[in-house]
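# Fold and geometry: a report
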Amino acid sequence: MKFSSALTTLAFIFAASGSAHAAEDYNRPPAGDAQYKQCLTYSATVYEGGNEASPIKGQTKAQAWCTCMWNETPEDFKGNLVKFAETRKGKETNKLCEKHSNWSE
């Protein structure tokens, strides 16, 4: 019984640390990616604090948030990432990316 409980606890810790580590390892959008660029530009017009440092080394909060949004939307998504984040369907992704970038309203 104790072994099973310890194993479950270890599995939970491993899963939690793995997902936290994965969030820091988002793929950077390709240089010149229009969707990512649009995200940075548009988010700067509607939100404040995007130029502050994020917990992700070398990225502002806006860069970290847009990178997260870019990675978390489906590959075939072609719309505006900021506008998507404000939709009912995009709210979960937005929460995840706000946490990732430490950028919330």
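Every chain is numbered on its own, with residues counted from 1 as its sequence reads. Selection of residues for local features in this predicted model requires a pLDDT of at least 70, selection of side-chain atom pairs for listing and counting requires 80 or more, and totals for whole chains, interfaces and linings are taken over all residues. Derived side-chain values reflect all non-hydrogen atoms in the structure, with water molecules and hydrogen atoms excluded from consideration.

Two rings from Phe, Tyr or Trp (for Trp, the six-membered ring) form a pair when their centres are within 6.5 Å of each other. A pair whose planes differ by under 30 degrees is stacked, one over 60 is edge-to-face, and the rest are tilted. For the structure shown, the criterion picks out 4 aromatic pairs. Three or more aromatic residues joined by ring pairs form one cluster here, namely Tyr 47, Trp 65 and Trp 103.

The rule is simple: take the accessible area with a 1.4 Å probe, protein chains only, and divide by the maximum for that residue type; under 20% is buried, over 50% is exposed, in between is partly exposed. Helix and strand assignments come from DSSP, with helices taken as H or I runs of at least 4 residues and strands as E runs of at least 2, each series counted from the N terminus. Residues of helix α5 (residues 91-101) that are buried include every one of Thr 93, Asn 94, Cys 97, His 100 and Ser 101, and no others. Here the buried residues of α5 occupy an arc of 125° about the axis, which is enough to place them on one side. In this structure, α5 carries Glu 92, Lys 95 and Lys 99 as exposed residues pointing more than 90 degrees from its buried face. Immediately downstream of α5, the backbone of Asn 102 shows phi near 60°, a positive value. The arc under discussion is defined with respect to the helix axis, by the directions toward the C-beta atoms.

Take the pattern of salt bridges next. The term salt bridge refers to a side-chain nitrogen of Lys or Arg lying within 4 Å of a carboxyl oxygen of Asp or Glu. Scanning the model with the defined rule gives 1 salt bridge in all. Where Lys 61 meets Glu 52, a salt bridge forms, and the shortest distance between an N and an O atom there is 3.1 Å. Among the residues examined, Glu 52 registers a relative accessible area of 43% and is labelled partly exposed.

That's the geometry; what it means functionally is another story.
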